[in-house]
Amino acid sequence: MTVESKIVSTQASPEKLYNFLGDFTNFTRLVPPGQVQDLKATSDTCSFNVGGYMQITLGFVERQPYSLVAIGPAANGNSPMPFRMNINIYDNGDGTSRVGIVFDLEGSNPMMNMMLKPKLRDAADKLADQLSYFAMGL
């Protein structure tokens, strides 16, 4: 299943946005309060508790300078299913950028897709909005 966020504009250059996203300690500012518990981050990983019952650890799975930061379950982390979150950075050519988020989940069944897709789209849109907001200060 693939879920895409809306594309949002940012005031940050692709380079600044990429550098911001390439450090998980910056993600603590992007997660809206109350969405996760026990959020801990280093520059290369972050972990958090979802719904009070599942600890997830994420890491970077791919980075393409100034255009892509891909995140997925860390090698030593738990995840209910394999997934990948691509944060795509688009250069506007004027020192600003646009960003879009794509979630790819593997192994989900049609019933799970119906339940998860709206929640993932909402989460992706909120994260994109947060990126747009925080990019103003980069």
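Residues numbered from 1 in each chain as written. Predicted model: local features only at pLDDT ≥ 70, side-chain atom pairs only at ≥ 80, totals over all residues. Heavy atoms only, no water.

What about the pattern of salt bridges?
Thought 1: Evaluated as defined, the whole model comprises four salt bridges.
Thought 2: In this structure, Asp 129 and Lys 6 form a salt bridge, with 3.0 Å as the shortest nitrogen-oxygen distance. With Asp 129 in helix H2 (residues 110-135) and Lys 6 in the loop between strand S1 (2-4) and strand S2 (8-10), this residue pair connects regions lying 123 residues apart in the sequence.
Thought 3: A salt bridge links Asp 122 to Lys 126; its shortest N-O distance comes to 3.3 Å. On the criterion of helical spacing, the pair formed by Asp 122 and Lys 126 is a turn pair, its members being four residues apart in helix H2.
Thought 4: On the accessibility criterion, Asp 122 (40% relative accessible area) is partly exposed. (Salt bridge = Lys/Arg side-chain N within 4 Å of Asp/Glu carboxyl O. Helix = DSSP H or I, 4+ residues; strand = E, 2+ residues; numbered from the N terminus. Buried < 20%, exposed > 50% of the residue type's maximum accessible area, 1.4 Å probe, protein only.)

A short note on helix H1 (residues 14-21)
Residues spaced three or four apart along an α-helix point in a common direction, a consequence of the helix completing one turn every 3.6 residues.
Thought 1: When we look at burial in H1, the residues that qualify are Pro 14, Leu 17, Tyr 18, Phe 20 and Leu 21. Within H1, the buried residues cover an arc of 160° as seen down the axis, which keeps them to one side.
Thought 2: Residues of H1 that are buried sit in contact with S2, strand S5 (54-64), strand S6 (68-73), strand S7 (83-91), strand S8 (97-105) and H2. (Arc of directions from axis to C-beta. Contact = heavy atoms within 4.5 Å.)

So, the pairing of strand S3 (residues 37-41)
Thought 1: With three bridges joining them, S3 and strand S4 (residues 45-50) adopt antiparallel strand pairing. Within S4, the residue paired with Ala 41 across the bridge is Cys 46.
Thought 2: Counted between consecutive antiparallel strands, the loop separating S3 from S4 contains three residues. (Pairing = 2+ DSSP bridges.)

Observations concerning the environment of Asp 91
Thought 1: If you trace the backbone, Asp 91 turns up in strand S7.
Thought 2: Residue class for Asp 91 comes out exposed when judged on its relative accessible area of 52%.
Thought 3: Sequence-wise, Asp 91 and Phe 103 are 12 residues apart; in three dimensions their C-alpha atoms are separated by 21 Å.
Thought 4: In contact with Asp 91, not counting residues within four places along its chain, are Pro 14, Thr 96 and Arg 98.
Thought 5: At 2.6 Å, the side chain of Asp 91 and the backbone nitrogen of Gly 93 are in polar contact. (Polar contact = N/O pair within 3.5 Å; in protein donor to acceptor, adjacent residues only side chain to side chain.)

Side note on the nonpolar core
Across soluble globular proteins, nonpolar side chains show a tendency to be buried alongside one another.
Thought 1: Ranked by size, the top nonpolar core spans 33 residues in total, and within it Leu 21, Ile 71, Ile 87, Ile 101 and Leu 131 carry the most contacts.
Thought 2: With six residues, the single largest contributor to this core is H2. (Core = buried A, V, L, I, M, F, W, Y, C linked by side-chain atoms within 4.5 Å.)

A short note on the environment of Pro 82
Thought 1: Relative to the elements of secondary structure, Pro 82 occurs in the loop between S6 and S7.
Thought 2: For the pair Pro 82 and Asp 104, spaced 22 residues apart in sequence, the C-alpha separation works out to 8.6 Å.
Thought 3: Beyond its immediate stretch of four places on either side in the chain, Pro 82 contacts Asp 104, Leu 105 and Glu 106.

A look at unusual backbone geometry
Thought 1: Phi angles above zero are rare outside glycine, and Asp 38 is one such case at about 55°.
Thought 2: As for its position among the elements, Asp 38 is in strand S3.
Thought 3: For Tyr 66, which is not glycine, the phi torsion reads 70° and is therefore positive.
Thought 4: Within the secondary structure layout, Tyr 66 lies in the loop between S5 and S6.

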